[in-house]
Amino acid sequence: MMSRLRSPWILLLPSIMLMLALFGWPLMQGVLEAFRGDEGFTLANWERLFNDPYIFTALRNTLVLIVIVVPIQILLAIGMALLMQARPRFASGHFYLWCLPLAISELAAGLVWLSIFDNRGYLNSLLVSLGLSDDGVQWLGYQNTGTMLLAVVLAEVWRATSLVFVIVVAGVQMIPRDYDEAAQVFGANFWQRLRHVTLPLLGPSLQVALILRTILALQAFAVAQALTGRDFPLLVGETYEWYSNLQNPAVASAVSLIVLAISLATAVFYLRTVRQPEEAR
């Protein structure tokens, strides 16, 4: 009997050890580093962090970015997935075209959009050629917070919507067509079928997409760094700033713990609010 009880844990042991080595040990070291000083336990690292003028701006910018980007990407991904379900002409071409940004790194995507929003970029060149502006617009100027946010949002939406799209497409493919056809027989229009059939059954896929995309949005750094530098600070950017430029791993660990706490809180929130209906299980 004991051997039967132990056998599953023996099979899981390599995976458990790998997870502890890759995640558990670095997490423990990060927590210790954030609360460690020359004389042992200290809160001095946190005091120094919260006295930094950039941290609250970075927190605000990160949360605003998530609130704007994630809903837009979810709506776009659902619309694109429903279009794929309708099987338009050249459907496979649409799929590969929409998934193309997945093959582009964050930094490369940021540089692409920098060539558009730069003072001498394509957008300003277009505005000048059309006579809509004399010298162009300072889209990425430090005093224009709104246009900097717009540039980062557009770059993130373009770069990462394809990831949400792939997840939602997989979820749509798992929905039996019988449900939609039955709703049509009973006279339900497109919006009624979408609200009462498609979206409830997409709950698990949307849950995964929301959790993954929110966590990745919290980690957004390279795109904003390429576009704005530290003029539009984000939390992960502050982690890099404290660790590499200011040479303070303890404060960098404190920032990373804030990112971890927000990630866990949003994951729990999505797990509790976006659920698969009982009758669909």
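The coordinates are above.
What this report covers is the structure whose coordinates are included nearby.

1. Some words on the overall build of the protein
For the protein, the helix and strand inventory stands at 13 helices and 2 strands. Across the 281 residues in the protein, those meeting the buried criterion constitute 38%. When contacts within the protein are restricted to residue pairs at least 6 apart in sequence, those whose partners lie at least 24 apart make up 69%. Entry remark: accessible area of the protein is about 17,000 Å², with carbon and sulfur atoms responsible for 66%.

2. Observations regarding the pattern of salt bridges
For the structure on display, the rule yields 5 salt bridges. Glu 33 is the partner of Arg 36 in a salt bridge, and the nearest nitrogen-oxygen pair spans 3.5 Å. Note that Arg 230 is salt-bridged to Glu 241, the shortest N-O span being 3.7 Å. Residue Arg 230 is found in the loop between helix H11 (222-228) and helix H12 (235-245), and its partner Glu 241 is found in helix H12; the two are separated by 11 residues along the sequence. Overall, the relative accessible area of 25% leaves Arg 230 in the partly exposed class. Glu 241 sits in the buried class, given a relative accessible area of 15%. Overlapping salt bridges, with partners in common, bring together Glu 156, Arg 159 and Arg 213 in one network.

3. What about unusual backbone geometry?
What you tend to see is this: most non-glycine residues have negative phi, and most peptide bonds are trans. Positive phi is not limited to glycine here, since Gln 247 has a value of about 55°. On the secondary structure map, Gln 247 appears in the loop between H12 and helix H13 (249-273). Residue classification places Gln 247 among the exposed positions, given a relative accessible area of 59%.

4. Side note on the nonpolar core
With 43 residues, the main nonpolar core has Trp 46, Leu 49, Ile 74, Phe 165, Val 168, Leu 206 and Leu 235 as its most contacted residues. If you list the elements that add at least two residues to this core, you get helix H2 (44-50), helix H3 (55-85), helix H7 (145-173), helix H10 (203-218), H12 and H13. Per-element accounting of this core gives the leading share, 11 residues, to H3. The contacts of Ile 74, once residues within four sequence positions are left out, are Val 164, Leu 206, Ala 209 and Leu 210. Membership of the second largest hydrophobic core comes to 20 residues, among which are Val 152, Val 153, Ala 155 and Leu 227.

5. Focus on the packing of helix H9 (residues 190-201) against H10
It is the contact of H9 with H10, at a shortest axis distance of 4 Å, that shows an interaxial angle of 55°. For the element pair H9 / H10, the angle class is oblique. The residues of H10 that touch H9, namely those facing Leu 199, Pro 200 and Leu 201, are Gly 203, Pro 204 and Leu 206. In terms of residue class, the contact of H9 with H10 is built from 5 nonpolar, 1 polar and no charged.

6. Comments concerning the environment of Leu 82
With respect to the helices, strands and loops of the structure, Leu 82 is situated in helix H3. Leu 82 gets classed as buried once you look at its relative accessible area, which sits at 16%. With 23 residues separating them in the primary sequence, Leu 82 and Leu 59 have C-alpha atoms 35 Å apart. Here Leu 82 is in contact with Phe 190, Leu 194 and Thr 198, once residues within four sequence places are set aside.

7. Describing the environment of Glu 106
Positionally, Glu 106 belongs in helix H5 (residues 106-117). For the pair formed by Glu 106 and Glu 156, sequence separation is 50 residues and the distance between their alpha carbons is 8.7 Å. Residues contacting Glu 106, with those up to four places away along its chain left out, are Arg 159, Phe 221, Ala 222 and Val 223.

8. Remarks on the packing of aromatic side chains
All told, the structure shown has 10 aromatic pairs when counted by the stated rule. Seen from their ring centres, Trp 98 and Phe 165 are 5.5 Å apart, and the 90° between their planes marks the pair as edge-to-face. Within this pair, whereas Trp 98 is found in helix H4 (residues 91-99), its partner Phe 165 is found in helix H7, the two being separated by 67 residues in sequence. With a relative accessible area of 22%, Trp 98 lands in the partly exposed category.

9. Quick notes on the packing of helix H8 (residues 177-185) against H9
Between H8 and H9, the least distance of the axes is 10 Å, while the angle of their chain directions is 165°. As judged from the angle between their axes, H8 and H9 are roughly antiparallel. The two elements H8 and H9 meet at a crossing, and its hand is right-handed. Residues Tyr 179, Asp 180, Ala 183 and Gln 184 of H8 form the contact with H9, whose own contacting residues are Arg 193, Val 197 and Leu 201. For the contact of H8 with H9, the residue count by class is 4 nonpolar, 1 polar and 2 charged.

Parameters at a glance
- Residues numbered from 1 in each chain as written.
- Predicted model: local features only at pLDDT ≥ 70, side-chain atom pairs only at ≥ 80, totals over all residues.
- Heavy atoms only, no water.
- Helix = DSSP H or I, 4+ residues; strand = E, 2+ residues; numbered from the N terminus.
- Buried < 20%, exposed > 50% of the residue type's maximum accessible area, 1.4 Å probe, protein only.
- Contact = heavy atoms within 4.5 Å.
- Areas by Shrake-Rupley, 256 points an atom, 1.4 Å probe, with all protein chains shown as cover.
- Salt bridge = Lys/Arg side-chain N within 4 Å of Asp/Glu carboxyl O.
- Core = buried A, V, L, I, M, F, W, Y, C linked by side-chain atoms within 4.5 Å.
- Axes fitted to C-alpha atoms, helices over the stretch in contact; angles between N-to-C directions.
- Parallel < 35°, antiparallel > 145°, perpendicular 65-115°, else oblique.
- Nonpolar A, V, L, I, M, F, W, Y, C, P; charged D, E, K, R; others polar.
- Phe/Tyr/Trp six-rings, centres within 6.5 Å; stacked < 30°, edge-to-face > 60°.
- Left-handed = near helix turned anticlockwise from the far one by under 90°.

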